[in-house]
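What follows is each chain in one-letter form.
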Amino acid sequence: MAERGGQARRRAWLWGAVLLVVLVAWACGRSGDTGTDRTGGATGATGSTRKPDASAHPSRTSTPPTPKPSPTGTGTPSGKYDPAAYAPQVRARAAEAGVSPRLLMAILYNESYKPHDPALERAWQRYKPGAAFGIANMHRAAFDETKRGRAFAGRRWEELPDDRDLAVRAAAWYLHDLARQLPAHPSGPYDKDELLALGYNTGAGNMQAFARGATPGSQAADYLSRLRSNWGKAGRAVARTGGG
């Protein structure tokens, strides 16, 4: 009996080790979630100004079963997805926040580098508490700051993995808040949409520095490059009628 119990414990430990390896491999995948300032500065504090991050963390992609869009957030999302399936929510939430639906969709494409499975996101967050949640990869502080005084103020960051419409809505309003912090006359080489995307990835302080002519670090530059690559399909996705 003692030997059988020992074997059972060894098997349980082995499966636990395998799960940890899978989670680490998933997160580190195509450059890893380093927890650098992203998605609303990742830590919130949208008004803070910092030196441009030399390696502001970007994002990557993939695709199997496309979940049905759930405008009310009542669906059960799982795994990888096609951002274009959420075009109705993107158009509605972008209009509500007064931001570009094409920019919002392009950011969803940029942030689709990892499988947005609720269970997997929560498992990873237990391993790495600073991780982001939802299809827009928003960090807790950024979400809590963005929701203040808005119709979704009563919602919780922990709901983002399950409610994709809420994730899109929060991202739209975060872009709205970033836009209010842009200089009236940027002197750098980037247009408004590019600056907002950089702000979404690296935070408001870095965005303001880029608007004054600072050079993005390699990872922020990669985020911008992928945004430009995704720009065409983002435009086609939001132009579709009849839903996703």
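Let us look at the structure shown here. Source: prediction; values computed, not measured.

1. Regarding the overall build of the chain
A tally of regular secondary structure across the chain gives nine helices and zero strands. Ordered by position from the N terminus, the helices and strands of the chain form the series α-α-α-α-α-α-α-α-α. Long-range contacts, defined as pairs at least 24 residues apart, comprise 71% of the intrachain contacts of the chain with a sequence gap of at least 6. Carbon together with sulfur atoms contributes 56% to the accessible area of the chain, which is approximately 11,100 Å² in total.

2. Section: a positive patch on the surface
On the surface, R102, K233, R236 and R240 cluster together into a positively charged patch. With a relative accessible area of 42%, R240 lands in the partly exposed category.

3. A closer look at the packing of aromatic side chains
Summed over all chains, the structure comprises five aromatic pairs. A ring pair is formed by Y81 and Y86, whose centres lie 5.8 Å apart and whose planes are at 70 degrees; its orientation type is edge-to-face. Taking 4.1 Å as the distance between ring centres and 15 degrees as the angle between the ring planes, the aromatic pair formed by F133 and W157 counts as stacked. Placement of the pair is F133 in the loop between helix 4 (118–127) and helix 5 (140–147) and W157 in the loop between helix 5 and helix 6 (164–179), with a sequence separation of 24 residues. Each member of the pair F133 and W157 is classed as buried. When the ring centre of Y81 is taken as origin, the NZ or CZ atom of R164, which lies over that ring, is 4.8 Å away.

4. Description of the packing of helix 7 (residues 192–202) against helix 8 (residues 204–211)
Contact pair helix 7 / helix 8: the axes reach a minimum separation of 7 Å and the direction vectors enclose 145 degrees. Crossing geometry of helix 7 relative to helix 8 is assigned as right-handed. Judged by residue contacts, L195, L196, L198, G199 and T202 of helix 7 engage A204, N206, M207, F210 and A211 from helix 8. In the contact of helix 7 with helix 8, the residues fall into seven nonpolar, three polar and no charged.

5. Considering the pattern of salt bridges
Pairing between side chains of opposite charge can happen when the charged atoms of each approach one another. Counting across every chain of the model gives 12 salt bridges. Taking the shortest distance from any N to any O, the salt bridge between E159 and R155 comes out at 2.8 Å. Three or more residues joined by partner-sharing salt bridges are found here, namely R93, E96, D165 and R169.

6. Some words on the nonpolar core
With 53 residues, the main nonpolar core has L175 and Y200 as its most contacted residues. Broken down by secondary-structure element, the contributors of at least two residues to this core are helix 2 (87–97), helix 3 (101–110), helix 5, helix 6, helix 7, helix 8 and helix 9 (218–239). Looking at this core element by element, the count peaks at 10 residues for helix 6.

Thresholds applied
Along each chain, residue indices are assigned from 1 in the same order as the chain's sequence is written. Only residues with pLDDT of at least 70 are given local features in this predicted model, and only at 80 or more are side-chain atom pairs given and counted; all residues enter the totals for whole chains, interfaces and linings. Hydrogens and water are ignored here; the side-chain numbers use all heavy atoms of the structure. Runs of E in the DSSP output that reach at least two residues are strands. Runs of H or I that reach at least four are helices, and both are numbered from the N terminus. Every residue pair with non-hydrogen atoms within 4.5 Å of one another is taken to be in contact. Here, Shrake-Rupley sampling with a 1.4 Å probe gives the accessible areas, and only protein chains in the shown set may cover a residue. In this scheme, patches are assembled from residues that exceed 30% relative accessible area and form no salt bridge. Like charges are connected within 9 Å, while nonpolar side chains (Val, Leu, Ile, Met, Phe, Trp, Tyr) are connected within 5 Å. A pair is scored as a salt bridge if a Lys or Arg side-chain nitrogen falls within 4 Å of a carboxyl oxygen belonging to Asp or Glu. The positive count covers Lys and Arg only, the negative count covers Asp and Glu only, and His and the chain ends enter neither. Lysine's charge is taken at NZ, arginine's at CZ, aspartate's at CG and glutamate's at CD. Classification of residues uses two cut-offs on accessible area relative to the type maximum, computed with a 1.4 Å probe and protein chains only: under 20% is buried, over 50% is exposed, and between them is partly exposed. Here the aromatic set is Phe, Tyr and Trp, taking the six-membered ring for Trp, and pairing holds for ring centres within 6.5 Å; pairs whose planes are under 30 degrees apart are stacked, those over 60 apart are edge-to-face, and all others are tilted. The rule is short: NZ of Lys or CZ of Arg within 6 Å of the ring centre and within 35 degrees of the ring normal puts a charge over the ring. Lines fitted to C-alpha atoms define the axes, with helix axes restricted to the stretch in contact, and inter-axis angles between N-to-C directions lie between 0 and 180 degrees. The hand of a helix crossing depends on one turn: near helix anticlockwise from the far one by less than a right angle means left-handed, and clockwise means right-handed. Ten residues, namely Ala, Val, Leu, Ile, Met, Phe, Trp, Tyr, Cys and Pro, are considered nonpolar, four, namely Asp, Glu, Lys and Arg, are considered charged, and the remaining ones, Gly among them, are considered polar. Residues grouped as a nonpolar core are buried Ala, Val, Leu, Ile, Met, Phe, Trp, Tyr and Cys residues, joined through side-chain atoms within 4.5 Å.

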